[in-house]
Amino acid sequence: MLSSRPMPRRQAYTVFVLLLAFRLVNALCVQTYFQPDEYFQSLEPAWQMAFGLDSGAWITWEWREHLRSSLHPMIFAIVYRSAAELCRLLVVTTGTRAAILLAAPKMLQATIAATGDFFTWAVACKLFKHRHNASYAALALTAFSPWQFHCSIRTFLNSLETTLTIVALYYWPWQWFLDVARERVQQPHVRAPQRDDDRSTEATALQSRSSLEQGSNSVDQSTTPDSSLEVASSPDGLYISLSFAAVACILRPTNIIIWATISLFLLGRSRDLQKMTTFASSAVLCGTGVLTVSLAVDRAYYGQWVFPPFQFLYFNLVQGVAGFYGLNRFDYYFTEGLPLLLTTALPFAGIGMWHALRPSEDRKHLKGYVERQTLYLLAVAVVATVLAMTAISHKEVRFIYPLLPMLHILAAKPLADFFHSVPRNKGKLVLLVLLLSVNMFIAAYVTFVHQRGVVDVMHFLRHEQEARMSDSPSYDAESIKHGSNVTVGFFMPCHSTPWRSHLVYPDIKAWALTCEPPLDLSVEERSRYEDEADMFYNNPPSWIDDNMESLDSIMKAKPGALELKQRNQARRAWPEYLVFFEQLEPVMSGILKGTVYEECWRGFNTHWHDDRRRRGDVVVWCIR
C-alpha cells in the first residue's frame, strides 16, 4: 500500500538540492542543438515579450495563428527581464550581459528539470516507501537517464509538461480514490455466517494485529520528522493535483489523455457518490481557475480573446498541418520512440509494465492493494497515451515524454530486484557498470558533441558584433566602432540554428530560409507544395538568381559596407556573412567563385545526420 509514513524533511531537501545542483551543471554545460521548438516555441516569443517588437525575435506562424499558450514563454520573459535589470543595476559589460541572458533561461529550466526528478523519486517513495530499494532505483533511473540529461534541461514545452504531470501524479490522492475499491475487494471474503465464538476469536486477532501495527507506526513516526509532503495523502492533494494537471492540459492539450484514462478508471470502479461529486466539483473549480488565468494572459499577449488549445487541435488534427512537418510509420513509438526515451531502462520498464498489467489474483489481495492498483493505472495510462498518439500521423519522441517518469517508476522495482544481489554477483556488477557507461556515453555525446556547430556559429557571430562595439559598460546602438553592424544570411534548412536568444543583439541583421506551411491550401495541394528552403535546395543557383541581388554587387564590396534589405523586398542584398553546411560547400564555391567571399570560420557539427542537407561542418564565408 501507499506509505503512510512521512518522508523525512531533511532527506527530501538534501535530495532536491543535489538534483538541482546536478541539473544546473547539466543545463549550463549543454553545447548542442536538438530541435527548433527549444527556441522558436519558447525563447523567441519570450525575448519579444521581454524586449519588445523591435528586439529581433523570430516569431513563427504558430504564434500568429494563436496555436500556443503564452503561459510558457511568459515565465522565460520574466527571467529575461529580471536578468536584464540585474545587469543594468550591476553596470556589467556588454559581453557579460549577453552571457547572463544566455544563462538565465537555462537556470530556470534546470530548476524545472530537478523538480521533475525529485517528484519522480517522491512518487516512488509513496509507492514503495522511501527506504525501499525501488525508490532509490527510480531516483537512479531519472538521474542517469540519457534522455533526461539531454532533454529535461532544454526549454521545450514538453519538458515543463513532464514536470507538471509527475507533480500532479504525486499529489493525486490515490488512497482516497482506491479505498472504495478496496472495500469492494474485501466483500467476497465474507461468504457465510460465522458463529459467535468465531467472531469473537477473529475480533480478538484483528484487535491484537491493529495494536501491533499502531505501536509500530507510533515508533516510526516518533523518530521521523514531520514533512510538508504529507498533504499528498489527504483529499486536499486533489486540488493541487488537478491544478497542475489543468496547466499541463492547457499547455499541451494531448496531456488530457493521461488524466482522462486515470479518472475514468477510478470513477468507473467507485460507487461512492460523494467522492464522485467531490471529484467533479474539484475538477470544475481547478479547471475554471486555470482557464481564467490562461485566457487573461493570452488576452494580454495576443491583444484579443483566443483559446490556443482549440486552435492547436484544429490546425493539427482537423486541417492536418502537423503532417506538413513529416509523416511517421504506425509503429514509430514502439520501434523508435520508447527505445529512445528509455534506452537501457527499456527491458526493466517492459517487465514492470507486464507485472502491472497481467491478470492476477494477487491484485485482489488487501496487502499492497493500493500500490498494485496505482502501478496498474500508471501502466494503463502509458498504453492509452501511446496508442492515442500513434493515431496521429506526425510523431516525435517528445510527444510521449510525459510518460517517462511513469515508466521509470514502473521499471524501478524490476531494476531493484534484478540488481539486489550485485555485491555478491560479479556478473551483475559488470552488467550494471556497462549499462551506466552506455547511458553516460549517450548522454555526453548528444549533449556535448552531436549538432554543436549550429550553436557555436551563433556565438561566433555574436562575438563578431561585440568586437565592433566599444567597451562601454552598457550596450546601445551608438557603441558601434566602425559604424556598421554584422549582417548574416543562413543558407540552411529552416530553423537549423537558434536565433535571437543566442545572437542577443538586435543590431545583428539576419535572415534565413523559411518553411511556413501553406495554411490556405487543401491537403492534396499541400502535398505538392514547396517552401522556400525546398526551392533553394532543389536548385541553389536558380534560387540565388531569382532572389538575391546580382553577383556583380559583391565583386567590389568592402568589408562592413553591406546592409540587409527588408524581408518584404523582392531581392535580398548580399550580407557580410554567409552560413551553410559543408554539404552545400561545392555548390556555393561554384556560385561565389571570383567574389570577395572567403571562408572565415568552420565548426564541427556532427558525425552523421538523417537529413542530408545538414551533413558536415558548419561553414561561414565572409566578405574580405
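- The name given to the chain in an unreviewed UniProt entry is Mannosyltransferase, and the organism recorded there is Friedmanniomyces endolithicus.
- For the record of the chain, the UniProt heading Function (unreviewed entry) holds the text "Mannosyltransferase involved in glycosylphosphatidylinositol-anchor biosynthesis. Transfers the third mannose to Man2-GlcN-acyl-PI during GPI precursor assembly."
- According to its UniProt record, the chain has this under Sequence similarities (unreviewed entry): "Belongs to the glycosyltransferase 22 family. PIGB subfamily."

Re the state of the cysteines
Right, on to step 1. Inspection of every chain in the model, using the stated rule, returns 2 disulfides.
Right, on to step 2. Covalently, Cys-600 is tied to Cys-622 through a disulfide, its sulfur atoms 2.5 Å apart. Note that Cys-600 is positioned in strand S4 (residues 597-603) and Cys-622 in strand S5 (residues 618-623), a separation of 22 residues in sequence.
Right, on to step 3. Of the residues examined, Cys-622 reaches a relative accessible area of 3% and is grouped as buried.
Right, on to step 4. Assigning the bonded cysteines of the chain consecutive numbers by sequence position, one obtains the connectivity 1-2, 3-4.

Notes on the side chain of Gln-148
Right, on to step 1. Inspection of the secondary structure assignment puts Gln-148 in helix H7 (residues 146-152).
Right, on to step 2. Assessed through its relative accessible area of 5%, Gln-148 is described here as buried.
Right, on to step 3. Of the polar contacts made by the side chain of Gln-148, one reaches the side chain of Tyr-401; its length is 2.4 Å.

A closer look at helix H18 (residues 404-418)
Right, on to step 1. An ideal rise of 1.5 Å per residue puts 21 Å on 15 residues; H18 measures up with 20 Å between its terminal C-alpha atoms.
Right, on to step 2. Of all the 15 residues making up H18, 12 are buried; the element is thus mostly covered by neighbouring parts of the structure.
Right, on to step 3. Along H18, the residues that are buried comprise Leu-404, Pro-405, Met-406, Leu-407, His-408, Ile-409, Leu-410, Ala-411, Ala-412, Pro-414, Leu-415 and Ala-416.

A word on the sheet that holds S5
Right, on to step 1. Pairing is mixed in the open sheet, where 5 strands are placed in the order S2-S1-S3-S5-S4. Since the sheet does not close on itself, it has two edges, and those belong to strand S2 (509-512) and S4, each with one partner. Along the sheet, successive strands turn relative to each other by an average axial angle of 20 degrees, direction set aside.
Right, on to step 2. Relative to S5, S4 runs antiparallel, the two being bridged by 6 bridges. Across the sheet, the residue bridging to Glu-598 is Cys-622, located in S5.

Structural notes on the packing of helix H8 (residues 157-171) against helix H12 (residues 256-269)
Right, on to step 1. Running from amino to carboxyl end, H8 crosses H12 at an angle of 15 degrees, the nearest separation of the two axes being 11 Å. One element, H8, and the other, H12, form an angle in the roughly parallel class. For the crossing formed where H8 meets H12, the hand is right-handed. Between H8, through Thr-165, Ala-168 and Leu-169, and H12, the contact on the second element is made entirely by Ile-258, Trp-259 and Ile-262.
Right, on to step 2. Across the contact of H8 with H12, the residue classes break down as 5 nonpolar, 1 polar and no charged.

Describing the packing of H12 against helix H17 (residues 369-390)
Angle between the axes and distance between the axes are the two parameters that describe a pair of packed helices.
Right, on to step 1. Where H12 contacts H17, the axes come no closer than 9 Å and their chain directions differ by 135 degrees. Taken together, the axis directions place H12 and H17 in an arrangement best described as oblique. Once H12 is placed against H17, the crossing between them reads as right-handed. Along its contact with H12, which presents Ile-257, Ile-258, Thr-261, Ile-262, Phe-265, Leu-266 and Arg-269, the element H17 presents Gln-373, Tyr-376, Leu-377, Val-380, Ala-381, Ala-384, Thr-385, Ala-388 and Met-389.
Right, on to step 2. Partitioned by chemical class, the residues of the contact of H12 with H17 number 12 nonpolar, 3 polar and 1 charged.

Rules of the game
Residues numbered from 1 in each chain as written. Predicted model: local features only at pLDDT ≥ 70, side-chain atom pairs only at ≥ 80, totals over all residues. Heavy atoms only, no water. UniProt positions renumbered as here; feature names shortened; annotations may be inferred. Disulfide = S-S within 2.5 Å. Helix = DSSP H or I, 4+ residues; strand = E, 2+ residues; numbered from the N terminus. Buried < 20%, exposed > 50% of the residue type's maximum accessible area, 1.4 Å probe, protein only. Polar contact = N/O pair within 3.5 Å; in protein donor to acceptor, adjacent residues only side chain to side chain. Expected span 1.5 Å × (residues − 1). Pairing = 2+ DSSP bridges. Axes fitted to C-alpha atoms, helices over the stretch in contact; angles between N-to-C directions. Parallel < 35°, antiparallel > 145°, perpendicular 65-115°, else oblique. Left-handed = near helix turned anticlockwise from the far one by under 90°. Contact = heavy atoms within 4.5 Å. Nonpolar A, V, L, I, M, F, W, Y, C, P; charged D, E, K, R; others polar.

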